[in-house]
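# Coordinates in review
This is what each chain is made of:
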Amino acid sequence: METNRIAGSAKDFAGRLEGAAGDIAGDAKTEAAGRVREATGTAQNLYGQAKDAAREATDAAVNYAKDAYENSGDTFHNGSQAIAKRVRDNPLGSMLIAGGIGFALALLLARPPRRPPQHGR
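Figured I'd write up the structure that's included with this text. (Residues numbered from 1 in each chain as written. Predicted model: local features only at pLDDT ≥ 70, side-chain atom pairs only at ≥ 80, totals over all residues. Heavy atoms only, no water.)

Now for the overall build of the protein. Counting secondary structure elements, the protein contains 3 helices and 0 strands. Ordered by position in the sequence, the α and β elements of the protein form the string α-α-α. Taking the principal axes of its C-alpha atoms as reference, the protein extends roughly 95 × 60 × 15 Å. Expressed as a percentage of contacts within the protein between residues at least 6 apart in sequence, the contacts between residues at least 24 apart total 58%. As presented, the protein carries roughly 10000 Å² of accessible surface, and 63% of it is formed by carbon and sulfur atoms. Taking the 16 positively charged and 14 negatively charged side chains of the protein as two groups, their mean positions are separated by 18 Å. (Helix = DSSP H or I, 4+ residues; strand = E, 2+ residues; numbered from the N terminus. Contact = heavy atoms within 4.5 Å. Areas by Shrake-Rupley, 256 points an atom, 1.4 Å probe, with all protein chains shown as cover. Lys, Arg positive; Asp, Glu negative; His and termini not counted. Charge placed at Lys NZ, Arg CZ, Asp CG, Glu CD.)

Once that is clear, we can look at the environment of Leu108. Within the element layout of this structure, Leu108 appears in helix H3 (residues 91–110). For the pair formed by Leu108 and Asp12, sequence separation is 96 residues and the distance between their alpha carbons is 68 Å.

Once that is clear, we can look at the side chain of Gln44. With respect to the helices and strands, Gln44 occurs in helix H2 (residues 28–89). Among the residues examined, Gln44 registers a relative accessible area of 18% and is labelled buried. A polar contact is formed between the side chain of Gln44 and the side chain of Lys11, at a distance of 3.1 Å. Residues within four places of Gln44 in sequence aside, it is in contact with Asn4, Arg5, Ala7, Gly8 and Lys11. (Buried < 20%, exposed > 50% of the residue type's maximum accessible area, 1.4 Å probe, protein only. Polar contact = N/O pair within 3.5 Å; in protein donor to acceptor, adjacent residues only side chain to side chain.)

Between its first and last C-alpha atoms helix H1 (residues 3–25) spans 33 Å; for 23 residues at 1.5 Å apiece the expected length is 33 Å, and the two agree. Those residues of H1 not exposed but buried are Asn4, Gly8, Asp12, Gly15, Gly19 and Gly22. (Expected span 1.5 Å × (residues − 1).)

Okay, structure coming up:
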């Protein structure tokens, strides 16, 4: 837990007590000082909560990234095995698909580049 949350809660509580004491005693200066301390404590507590939330979000993101990194090899290996099985089961279909992909890439790469339209001629 963030120390700002603890200190902020303590200031908030002390400010409420001081404000209530000033209100009961009729001392406007003490009451105002208590309200200021209360507001400061509330702000410090909220700051601590924000830091805790940011730390938790960062930890969760790091754990997610670690899991994804650690499992990426397994995913690649499983995908490679699935493709190899498909090729073994249907070699002719696999060759036709690979040839079609190669033909489409050749068409895309062999096209002349587009020239912008020329104005004024």
